[in-house]
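Survey of secondary and tertiary structure
Each chain is listed here by its residues.
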Amino acid sequence: MSFLSDLVFEARVTAQSVADYVSGNGLRLGVTGLSRAGKTVFITALVQALTSRGTRLPVFRAESEGRIGRAYLQPQPDDAVPRFAVEDHVRALTVERSWPDSTRRISELRLTIDYERQAGWRGGPSTLTLDIVDYPGEWLLDLPLLGKSYAQWSQETLEASAAPARAPLAADWRGFTALLHTDAPATEEVARQCADLFTRYLRASRTELYALSTLPPGRFLMPGDLEGSPALTFAPLPIAGYIAPGSLAATMERRYESYKAHVVKPFFRDHFARLDRQIVLVDVLTALNSGPAAVRDLQDAMTDVLQAYRAGRSSLLSTLFRPRIDRILFAATKADHLHHTSHDRLEAILRVLTARAIAKAEDVGATIDVIALAAVRATREASVKHGSEVLDAIVGTPLPGETIDGIGFDGLAEAAIFPGELPADPKAALRGDGLALGEGEGDYRFVRFRPPLPEAALDGQLTVLPHIRLDRALQFLLGDKLA
Ligand code: GDP
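Definitions and cut-offs
Residues numbered from 1 in each chain as written. Predicted model: local features only at pLDDT ≥ 70, side-chain atom pairs only at ≥ 80, totals over all residues. Heavy atoms only, no water. Helix = DSSP H or I, 4+ residues; strand = E, 2+ residues; numbered from the N terminus. Buried < 20%, exposed > 50% of the residue type's maximum accessible area, 1.4 Å probe, protein only. Contact = heavy atoms within 4.5 Å. Areas by Shrake-Rupley, 256 points an atom, 1.4 Å probe, with all protein chains shown as cover. Pairing = 2+ DSSP bridges. Axes fitted to C-alpha atoms, helices over the stretch in contact; angles between N-to-C directions. Core = buried A, V, L, I, M, F, W, Y, C linked by side-chain atoms within 4.5 Å. Near = heavy atom within 4 Å. Polar contact = N/O pair within 3.5 Å; in protein donor to acceptor, adjacent residues only side chain to side chain. Nonpolar A, V, L, I, M, F, W, Y, C, P; charged D, E, K, R; others polar. Parallel < 35°, antiparallel > 145°, perpendicular 65-115°, else oblique. Expected span 1.5 Å × (residues − 1). pLDDT = per-residue confidence, 0-100. Salt bridge = Lys/Arg side-chain N within 4 Å of Asp/Glu carboxyl O. Phe/Tyr/Trp six-rings, centres within 6.5 Å; stacked < 30°, edge-to-face > 60°.

Within the chain, the secondary structure is distributed over 15 helices and 14 strands. With 483 residues in all, the chain has 54% of them scored as buried. Taking contacts inside the chain between residues at least 6 apart in sequence as the whole, the part at least 24 apart equals 74%. Surface summary for the chain: the accessible area is close to 21,300 Å², and the carbon and sulfur share equals 54%.

Laid out in structure tokens, this is it:
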């Protein structure tokens with residue numbers, strides 16, 4: 001049955017690709033990244049930049065050459081997937097000057113771009129239909145589960161939870177599990193308590209130490225529509241060989257398998273495998289802020305993420321889905337928290353973090369690039385005299401409740417801060433040394449700013465949002481499709 005549905009699915013993908021190929025005009029762009037990486041802000045800024053005139057996008061050639069006639073939203077074609085609430089997010093950013101609600105589940109948006117092809121034999125009007133798919137990066141971490149039995153996954157997860165950094169966070173769950181009789185008949189109450197303690201451990205690893213962000217199951221961290229659902233009522237147990245029917249272990253095993261079959265597999269098959277291009281947003285600054293262990297963990301996460309793109313090419317999973325992604329962009333977000341002198345350094349750090357993953361790019365069959373950007377630039381730059389010195393500063397409106405040197409902000413007053421410099425040698429960031437900041441400036445704990453004061457566009461209606469290097473990202477992701 002599942003083989004048959006896979007075949008039907010393959011046929012649908014092929015039909016879809018043929019249709020796209022004939023018209024030459026469809027592109028499905030995946031936008032992902034771990035929670036708070038900046039997905040919602042990026043998609044909102046992308047749509048706003050393309051639909052409003054007056055955004056400065058010099059590197060995005062179709063726009064700077066004046067070949068984009070009109071870009072407009074169209075009804076989202078997949079009825080089973082929620083629409084990305086772009087209007088709400090634009091209103092939040094431009095009218096309320098607050099950051100929009102972050103991604104919690106998959107959503108989609110269709111943007112149609114009417115453009116002129118470059119002069120030549122193919123010159124003339126054309127249309128690109130861009131489907132943007134927003135989904136939590138946590139869900140990509142589930143891919144390895146497809147190749148693992150319940151017993152294997154249990155063993156690995158229990159072992160990982162014994163590591164010194166994790167053990168204190170896992171203590172309650174491990175203590176509870178140690179007292180369980182896994183062969184005893186299952187009761188829903190025990191299964192629920194066990195899953196609850198396990199989920200708390202995974203979430204605590206995530207919030208207390210950014211470094212421990214990468215353990216599946218992804219839906220335990222970002223449940224989407226499964227919030228509170230019995231599909232998530234399972235946890236690893238120590239399994240000694242035989243699993244007795246009707247036992248707690250058997251119940252957990254059945255739920256684990258059902259999570260794979262009904263949650264993980266459909267996501268990869270129906271959504272991930274249909275993407276043509278992918279941007280992976282990475283909050284490098286927060287990792288730097290948390291220290292070298294966090295940075296190294298982020299490096300592992302990047303490798304894991306790329307594993308998902310490779311899987312369909314090389315492993316047993318290729319019978320399940322075959323990604324067709326031909327371009328992947330890794331983007332360090334929130335570059336507006338740094339002076340422009342550090343933007344290239346941020347990019348260099350992300351390049352080092354993704355180097356291992358990129359070295360395997362040939363297996364992936366995709367072109368990969370790295371960028372530092374701010375989809376929405378909340379700050380501007382200034383030089384501030386400090387005694388006899390002139391220091392590079394950034395100026396913005398701190399969010400209400402933010403404090404600098406004990407002074408609280410109300411969301412109206414502006415402040416200049418000295419963000420410090422990133423190290424010239426990107427490898428220093430991994431070692432945790434060389435993170436020399438402006439004297440007395442403390443650490444990388446950046447103040448969070450409100451979105452910028454909106455500016456009216458040429459047509460007087462739409463609002464232009466300032467950005468850093470968004471045009472470069474657009475050129476890499478869409479440029480050739482609009483040539
Ligand atoms: P998501 O969870 O990946 O959807 O993350 P969001 O797009 O909601 O971003 C999380 C938070 O990061 C936002 O609420 C902002 O505070 C901040 N942020 C995201 N992008 C930018 C940016 O370009 N500049 C600045 N200054 N902050 C950003």
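Before going further, it helps to spend a moment on the sheet that holds strand β7 (residues 367-372). Taking strand neighbours across the sheet as the criterion, the seven strands line up as β2-β3-β4-β1-β5-β6-β7 in an open arrangement whose pairing is mixed. Strands at the two margins of the open sheet, each flanked by one partner only, are β2 (68-74) and β7. Across the sheet, the mean angle from the axis of one strand to that of its neighbour is 20°, orientation sign disregarded. Pairing of strand β5 (residues 277-282) with strand β6 (residues 327-332) involves six bridges; the strand directions are parallel. In the sheet register, Ile279 faces β6, and the bridge partner there is Leu329. This element, helix α12 (residues 343-359), spans β5, β6 and β7 of the sheet and lies at about 150° to β7.

One finds Val284, Tyr309 and Phe330 to be the most contacted residues of the largest nonpolar core, which totals 77 residues. It is helix α9 (residues 248-270) that contributes the most residues to this core, 10 residues altogether. Counting 44 residues, the second-largest nonpolar core is a separate cluster that includes Ala71, Leu93, Ile279 and Leu465.

Around the ligand there are 18 residues in total, and Arg36, Lys39, Thr40, Ser102 and Asp336 lie nearest to it. Interatomic distance of 2.7 Å between a backbone N/O atom of Arg36 and an oxygen atom of the ligand. Interatomic distance of 3.4 Å between a backbone N/O atom of Ala37 and an oxygen atom of the ligand. Looking at side-chain class alone, the shell around the ligand contains seven nonpolar, six polar and five charged residues.

Turning our attention to the sheet that holds strand β8 (residues 380-386). On the basis of which strands lie adjacent, the open sheet formed by three strands has the order β8-β9-β12 and antiparallel pairing. Each edge of the open sheet carries a strand with a single partner, namely β8 and β12 (415-417). Here the average twist between neighbouring strands, direction ignored, is 45°. Relative to β12, strand β9 (residues 389-396) runs antiparallel, the two being bridged by three bridges. Pairing of Gly396 across the sheet is with Ala415, part of β12.

With their axes 10 Å apart at the nearest point, helix α2 (residues 39-51) and helix α4 (residues 86-94) run at an angle of 95° to one another. For the element pair α2 / α4, the angle class is roughly perpendicular. Of α4, the residues touching α2 (which contributes Thr40, Thr44, Val47 and Gln48) are Val86, His89, Val90 and Leu93. A breakdown of the residues in the contact of α2 with α4 according to their chemical character gives four nonpolar, four polar and no charged.

Let us now look at α2. Between its first and last C-alpha atoms α2 spans 18 Å; for 13 residues at 1.5 Å apiece the expected length is 18 Å, and the two agree. Within α2, 12 of the 13 residues are buried, which leaves it mostly tucked inside the rest of the structure. What α2 keeps buried is the set Lys39, Thr40, Val41, Phe42, Ile43, Thr44, Ala45, Leu46, Val47, Gln48, Ala49 and Leu50.

Attention shifts here to the confidence of the model for the chain. Do not read the fine detail of predicted coordinates wherever pLDDT is low. Here the chain averages 85 in pLDDT, while 86% of its residues score no lower than 70. Helix α1 (residues 2-23) is the least confidently modelled element of the chain, averaging 44 in pLDDT, while helix α15 (residues 470-478) averages 98, the highest of any element.

This paragraph deals with the pattern of salt bridges. Applying the stated criterion to the full structure yields 26 salt bridges. The salt bridge involving Arg28 is made with Glu108; its shortest N-O contact spans 3.5 Å. In this pair, Arg28 is assigned in strand β1 (residues 26-32) and Glu108 in strand β3 (residues 107-117), connecting sequence segments 80 residues apart. Across the pair, exposure class does not vary: Arg28 and Glu108 are buried alike. In this structure, a network of salt bridges that share partners links the residues Arg28, Asp78, Glu108, Arg110, Asp131 and Arg274.

If you trace the backbone, Thr40 turns up in helix α2. Among all residues touching Thr40, those that are not within four sequence positions of it are Phe84, His89, Pro100, Asp101, Ser102 and Thr103.

Before going further, it helps to examine the packing of aromatic side chains. Counted by the stated rule, this structure contains 17 aromatic pairs. Arranged with centres 6.1 Å apart and planes meeting at 45°, the rings of Tyr150 and Trp153 form a pair that is tilted. Taken as a pair, Tyr150 and Trp153 lie in helix α5 (residues 150-160) at a separation of three residues, close to a single helical turn. Classification of Tyr150 as buried rests on a relative accessible area of 0%.

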